[in-house]
Amino acid sequence: MIEIEALSKHYRAPDGRVTDVLKSINLEVQPGNITAVVGPSGAGKSTLAKCISLLEQPSAGSIRVNGHDLSRLSGEVLRRERRAIGTVFQSSALLQRKSAWENIALPLRYLGVVERDISARVGELLEHVGLSHKASAFPAQLSGGQRQRIGIARALALRPSVLLADEATSGLDPEATVTILDLLRKLRDEYRLAIVLITHEMDAVRRAADAVAEIRDGQIVHYGVVKQLLAQPDSRLAQQLLPLAPQPASSELVLQLSYRTDVPVASDWLTRLSQQFALRIDLLGAHIEQVNGLQLGRLQVGIHFQRERVPLSQLLMQLEQLGLIGRVTAGAPLLKEAV
Ligand SMILES: Nc1ncnc2c1ncn2[C@@H]1O[C@H](COP(=O)(O)OP(=O)(O)OP(=O)(O)O)[C@@H](O)[C@H]1O
């Protein structure tokens, strides 16, 4: 488990000017959980990654891994405790003259682990990342995705409890990206790893994250548990996770409806709603997203009132009873008259 508390980082330029890059970041990632950190370029994601991996010393605050505050340690104790954090970066930085097998063995060799145990552990890790057949290949003979999987195996060699993946899928093709993200999910579950996934790709968040923190200008401005975000379709993070382009509509009211496919939605909701309120409902757009193994649906519907206008609150309440969460995308002023 990793607990980041009131973490701040500033840099001091030679002329004495101070740049605050991280401002009092609080973030907790439990074992068996993937938390994505997203945000625009320059927001502070890499600096956060460097602080977590202790490449940079925080200016203030603490980073506790399994209860130990790593930011206060130094020397041999720090080297020992930091083994609890495995790191994978964008280019996995494998040694080119060493085979995949040797690259994974490196951290174990540095520690002086006996050869027999190294063999057993490397074999197990290669199997876990699905590359046993590439043990003797050199990095140049591997694809980008395969190199990244070897990088992940190496990061896990010392059995960390936290894995930091900093842009680990950037630059990979979609297929390799999916393989890496699915591997992270598998490792999360098998080793109960607490994974911090730093990424600028919302697709990666959708596929793998349990929670997401949005960082802007050095601060966490939004945080949400992915499965709960769907119940808040208005939230900024939900909109980013499940975008549905607004449709031009001649309808009196345009609603965006969300639902989880594992929660029953009345199959005849459309007929029931139309009949109950004398509506004509046009389907303007629909899509289903996979979010961390869960299917989430989004619909956009245009509504025409065929008799009197129905109060919006009544309409939304009825939708909720049918298993759908609604929010108005267009036409609200019209409705206000009727509310
Ligand atoms: N060593 C440094 N000295 C001074 N300022 C720095 C230093 N490192 C980073 N910064 C500044 O801190 C801010 C955050 O940078 P950081 O690299 O953490 O952003 P990021 O969110 O990772 O961006 P990107 O997605 O483009 O990699 C930027 O404004 C950057 O210029």
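Nothing here was measured: the structure is a model prediction, and the numbers come from that model. (Residues numbered from 1 in each chain as written. Predicted model: local features only at pLDDT ≥ 70, side-chain atom pairs only at ≥ 80, totals over all residues.)

Participant: Explain the site of the ligand residue by residue, including any values.
Facilitator: Taken together, Tyr11, Thr19, Val21, Gly39, Ser41, Gly42, Ala43, Gly44, Lys45, Ser46, Thr47 and His200 are the residues near the ligand. Only strand 2 (18-29) and helix 1 (45-52) provide two or more residues apiece to the shell around the ligand. Among the elements that make up the shell around the ligand, the one with the highest residue count is helix 1 (three residues). Considered class by class, the residues forming the shell around the ligand number three nonpolar, eight polar and one charged. (Near = placed C-beta within 6 Å. Helix = DSSP H or I, 4+ residues; strand = E, 2+ residues; numbered from the N terminus. Nonpolar A, V, L, I, M, F, W, Y, C, P; charged D, E, K, R; others polar.)

Participant: Which residues make up the environment of Ala168, and what are the values?
Facilitator: Residue placement: Ala168 occurs in the loop between strand 7 (162-166) and helix 6 (174-191). Distance from Ala168 to Leu197, taken between C-alpha atoms, is 8.0 Å for residues 29 residues apart in sequence. For Ala168, the contacting residues outside a window of four places in its chain are Val88, Gln90, Gln148 and Ile180. (Contact = placed C-beta atoms within 7 Å.)

Participant: Give a description of the sheet that holds strand 10 (residues 219-225) that names residues and reports values.
Facilitator: Spatial ordering of the open sheet is given by 6-7-8-3-9-10, a layout of six strands whose pairing is mixed. Sheet topology places strand 6 (85-88) and strand 10 at the edges, where each strand pairs with a single neighbour. With direction set aside, neighbouring strand axes in the sheet form an average angle of 20 degrees. Looking at chain direction, strand 6 and strand 7 are connected through four bridges and run parallel. In the strand pairing of strand 7, Val88 is matched with Ala165. Together, strand 3 (33-38), strand 6, strand 7, strand 8 (194-198) and strand 9 (211-216) form the strand contacts of helix 1, whose direction differs from that of strand 7 by roughly 150 degrees. (Pairing = 2+ DSSP bridges. Axes fitted to C-alpha atoms, helices over the stretch in contact; angles between N-to-C directions.)

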